Amino acid sequence: ATGATGATGPSGTNGATGPTGPTGIANFYAASNTADISKTANSGVSAIPGVTVNFTPQKSTVYVSFSASGTYSGTAEPAQFVVFTVLVNGVPQNGKGNATSVGEFDDLYGSHNTWTGSVFVPVSVTVSVPVTISVDWDFQSLSANTLHIYSATQTNANCALTILE
């Protein structure tokens, strides 16, 4: 037969405390274009109006999220695209952009004139040094088409930059 269970012994000492984790606080910075804007094909690279964020980072890596969508006017072309480039203090960041086709033309369905592009990338910055993050755009087409972002007048268009730190 088994006898009665004895008293529980004393507890051992606690183990070492691990390192303190991040505070869990995130900063968000945002800018968006709220006007209708247009860009003529093959007119060169330029800044997107209203899509610039100035801040002083508290961390060495921030995350850049940018999206835009719209339409174009002109001739349906099989080879036209819009390029978005992320800039830090006016310097283009290699591997931090997006190129997307604009509209579509095929022999089966005809054409449509919508487009959308987005990017979400990490960017290195210097802690406590003010920084400006912005986005440039360029529109390339075989025809003299015009790209449009109707942020002010259409619910299906957008142009926004968000920085997560």
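Scroll up to find the structure this text is about.
The present account deals with the structure reproduced in this document. (Residues numbered from 1 in each chain as written. Predicted model: local features only at pLDDT ≥ 70, side-chain atom pairs only at ≥ 80, totals over all residues. Heavy atoms only, no water.)

**Things to note about unusual backbone geometry**
- We note that Asn42 has phi near 60°; this positive angle belongs to a residue other than glycine.
- With respect to the helices, strands and loops of the structure, Asn42 is situated in the loop between strand E2 (36-40) and strand E3 (46-55). (Helix = DSSP H or I, 4+ residues; strand = E, 2+ residues; numbered from the N terminus.)

**Quick look at the side chain of Glu165**
- Inspection of the secondary structure assignment puts Glu165 in the segment after strand E12 (158-164).
- Despite its burial, Glu165 pairs with no opposite charge, the nearest such side chain being Lys59 at 6.6 Å.
- Side chain to side chain, Glu165 and Tyr29 meet in a polar contact 3.1 Å long.
- From its side chain, Glu165 meets the backbone nitrogen of Gln58 in a polar contact 2.2 Å long.
- Each residue touching Glu165, except ones within four places of it in the same chain, is listed here: Ile25, Ala26, Asn27, Tyr29, Pro57, Gln58, Lys59 and Val62. (Buried < 20%, exposed > 50% of the residue type's maximum accessible area, 1.4 Å probe, protein only. Lys, Arg positive; Asp, Glu negative; His and termini not counted. Salt bridge = Lys/Arg side-chain N within 4 Å of Asp/Glu carboxyl O. Polar contact = N/O pair within 3.5 Å; in protein donor to acceptor, adjacent residues only side chain to side chain. Contact = heavy atoms within 4.5 Å.)

**What to know about the sheet that holds E3**
- Strand order in the open sheet formed by four strands is E3-E10-E5-E6, with antiparallel pairing between adjacent strands. Two strands lie at the open edges of the sheet, namely E3 and strand E6 (91-101), each paired on one side alone. Neighbour to neighbour, the strand axes of the sheet diverge by 20° on average, direction disregarded. (Pairing = 2+ DSSP bridges. Axes fitted to C-alpha atoms, helices over the stretch in contact; angles between N-to-C directions.)

**Here we look at the pairing of E2**
- What you see with E2 is a clean split: Ile37 and Lys39 sit on the buried side and Asp36, Ser38 and Thr40 on the side with no burial.
- Sheet topology note: the E2/strand E11 (residues 146-150) ladder contains five bridges and is antiparallel. Residue pairing in the sheet places Ile37 in a bridge with Ile149 of E11.

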